[in-house]
Amino acid sequence: MKTYNFYAGPAILAEEVKKQAAQAALEYENTGLSLMEMSHRSAEVTAIMEEAVALTRELLNIPEGYRVLFLQGGASLQFYMTALNLLDSGKTAAYVDTGAWSKKAIKEAKRCGGVDVVASSSDKNYNYIPKNIDVPASAPYVHITTNNTIFGTQFQEIPDFDVPVVADMSSDIFSRPIDVSKYDVIYAGAQKNMGPAGATLVIVREGALGKVTRELPSMLDYRLFIEKNSLFNTGPVFSIYVSLLTLRWIKKNGGVEGMVNRNTEKANLLYEAIDNHPLFYGTAAKEDRSKMNVCFLLHEPSRSDEFLSACADAGIVGVKGHRSVGGFRASIYNAMDLAGVRQLVKVMESFQ
Ligand SMILES: *Cc1c(COP(=O)(O)O)cnc(C)c1O
């Protein structure tokens, strides 16, 4: 039976990406070596790194003055690293609190300087995105989480802030076009919409760096990773390679414009089912609904296990909701196809 992977992360990868990754794990391009056995300084790995950077630039239309890095430590290390590199002690950065990941970013930033939480949706268990956010002009940056993986909300449009934006795009990078020139830093762990855990994509504006007075540890200094083309030390080569395979797959499927069309069609189908079936209801405010993570509940929560087992019988895995929302969460990242969403909708209809 086919398995439909709706997990929030680590998450679904395209079928052809997994096949190519499996081949590279056995032997990479007639070298007699697995990619996992190869030097991060070899010609082959250098070519992988260069193509991964070039394709990221091409797909996201990244302007001059920005650098693309593949680091380690996940988005969770970026909570701290962004602040360490951009927020001087004595300065106060603006943070928008839209859920659990934002809160963690705020906690780490406080170790580096002042944090002004300029807006929060905690009053309604993060089921919406705050509007008309006021950011003091003195803030070195405003930090946002573009898609809230746990609560199923997403900035539909990035507001026009008067200060540079630092964005956690872990769960919606490459899902739609973005205007990179608004940002000082964009970061994303690989394991939601790109590849396996291990690599973290960072896009940083070079002009934003070198302004803090503190001494930066080597492993936490963007400038060092820029100088070393991401490979100051041994990088997460296999994870970067699988991410590269995904980037090639995105390009082949129409780029981020192709992805946004595909994602809109999937999300519309699923939200329509949630809205039309009297047993279910969505948790996120309609205008802020995520196209990546769709959170919904049963009016009769006592039937939750019954629904989950109906899903399992249809090959659907990973739809149990996060404990802070309950119910169900269907993560429909780029690699999920329309057939997978149709399968879930079918189960909802027959459950009805
Ligand atoms: C998963 C996730 C994180 C945490 O990522 P790690 O790579 O595990 O550190 C941070 N932010 C968002 C929005 C996420 O979805």
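All figures in this text were calculated on a predicted structure; none of them were measured in a lab.

Re the packing of helix α1 (residues 15-26) against helix α6 (residues 237-252)
Logical step 1: At their nearest, the axes of α1 and α6 sit 10 Å apart, and the two run at 145 degrees to each other. Taken as a pair, α1 and α6 cross one another with a handedness that is right-handed. For the pair α1 and α6, contact is made by E16, V17, Q20, A21, A24 and A25 and by F238, Y241, V242, L245, T246, W249 and K252, respectively.
Logical step 2: A breakdown of the residues in the contact of α1 with α6 according to their chemical character gives 9 nonpolar, 2 polar and 2 charged.

Overview of the site of the ligand
Logical step 1: Taken together, 13 residues are adjacent to the ligand, and S76, T149, D168, Q191 and K192 come closest.
Logical step 2: Between the ligand and A75, the relevant distance is 3.1 Å, taken from an oxygen atom to a main-chain nitrogen or oxygen of the residue.
Logical step 3: A distance of 2.6 Å is found between a nitrogen atom of the ligand and a side-chain nitrogen or oxygen belonging to D168.
Logical step 4: Relative to its free-state accessible area of 380 Å², the ligand is covered by the protein chains to the extent of 88%.
Logical step 5: Counting residues per element, the shell around the ligand draws most heavily on helix α3 (residues 74-86), at 4 residues.
Logical step 6: Counted by class, the shell around the ligand contains 3 nonpolar, 8 polar and 2 charged residues.

Comments concerning helix α2 (residues 43-60)
Logical step 1: Between its first and last C-alpha atoms α2 spans 26 Å; for 18 residues at 1.5 Å apiece the expected length is 26 Å, and the two agree.
Logical step 2: When α2 is considered as a whole, its buried residues turn out to be V45, I48, M49, A52, L55, T56, L59 and L60. On an axial view of α2, the arc spanned by its buried residues comes to 140 degrees, and they lie on one face. Projecting away from the buried face of α2 at angles above 90 degrees are the exposed residues A43 and E50.
Logical step 3: Just past α2, the residue N61 takes up positive phi, approximately 55 degrees.

A few points about the sheet that holds strand β12 (residues 293-298)
Logical step 1: One open sheet accounts for 3 strands, arranged β11-β12-β14; its pairing is antiparallel. Single-partner strands in this sheet number two, and they are β11 (280-282) and β14 (328-331). When the angles between neighbouring strand axes are averaged without regard to direction, this sheet yields 35 degrees.
Logical step 2: As paired elements, β12 and β14 share 4 bridges and run antiparallel to each other. Among the inter-strand pairings, V294 is bridged to a residue of β14, identified as A330.

Some thoughts on the sheet that holds strand β9 (residues 183-189)
Logical step 1: Read across the sheet, 7 strands follow the order β2-β10-β9-β8-β5-β3-β4 without closing on themselves; strand pairing throughout is mixed. Each having just a single partner strand, β2 (66-71) and β4 (114-120) make up the two edges of the open sheet. Each strand axis lies, on average, 20 degrees off the axis of its neighbour in the sheet, ignoring direction.
Logical step 2: Pairing analysis gives 4 bridges linking strand β8 (residues 165-168) to β9, with the strands arranged parallel. Counted as the bridge partner of A167 is I186 from β9.
Logical step 3: Along the sheet, helix α4 (residues 100-109) makes contact with β3 (92-97), β4, β5 (142-145), β8 and β9, crossing β3 at roughly 165 degrees.

Side note on unusual backbone geometry
Logical step 1: Omega for the peptide link from G9 to P10 comes to -5 degrees, which places this bond in the cis form.
Logical step 2: You can see P10 is positioned in the loop between β1 (4-5) and α1.
Logical step 3: A positive phi angle, close to 55 degrees, is found at N61, a residue other than glycine.
Logical step 4: The residue N61 is located in the loop between α2 and β2 in this model.
Logical step 5: The exposure class assigned to N61 is exposed, which follows from its relative accessible area of 64%.

Topic: the UniProt feature "modified residue: N6-(pyridoxal phosphate)lysine" (unreviewed entry) in the protein
Logical step 1: Under the feature "modified residue: N6-(pyridoxal phosphate)lysine" (unreviewed entry), the UniProt entry names K192.
Logical step 2: Residue position: K192 is located in the loop between β9 and β10 (200-205).
Logical step 3: Setting aside chain neighbours within four positions, we find K192 in contact with A8, G9, A11, T149, S170, S171 and Y333.

Considerations on the environment of G9
Logical step 1: Along the chain, G9 falls in the loop between β1 and α1.
Logical step 2: Spatially, the C-alpha atoms of G9 and R303 are 25 Å apart, while their sequence positions differ by 294 residues.
Logical step 3: The contact partners of G9, leaving out residues within four places of it in the chain, are Q191 and K192.

Parameters at a glance
Residues numbered from 1 in each chain as written. Predicted model: local features only at pLDDT ≥ 70, side-chain atom pairs only at ≥ 80, totals over all residues. Heavy atoms only, no water. Axes fitted to C-alpha atoms, helices over the stretch in contact; angles between N-to-C directions. Helix = DSSP H or I, 4+ residues; strand = E, 2+ residues; numbered from the N terminus. Left-handed = near helix turned anticlockwise from the far one by under 90°. Contact = heavy atoms within 4.5 Å. Nonpolar A, V, L, I, M, F, W, Y, C, P; charged D, E, K, R; others polar. Near = heavy atom within 4 Å. Polar contact = N/O pair within 3.5 Å; in protein donor to acceptor, adjacent residues only side chain to side chain. Areas by Shrake-Rupley, 256 points an atom, 1.4 Å probe, with all protein chains shown as cover. Expected span 1.5 Å × (residues − 1). Buried < 20%, exposed > 50% of the residue type's maximum accessible area, 1.4 Å probe, protein only. Arc of directions from axis to C-beta. Pairing = 2+ DSSP bridges. UniProt positions renumbered as here; feature names shortened; annotations may be inferred.

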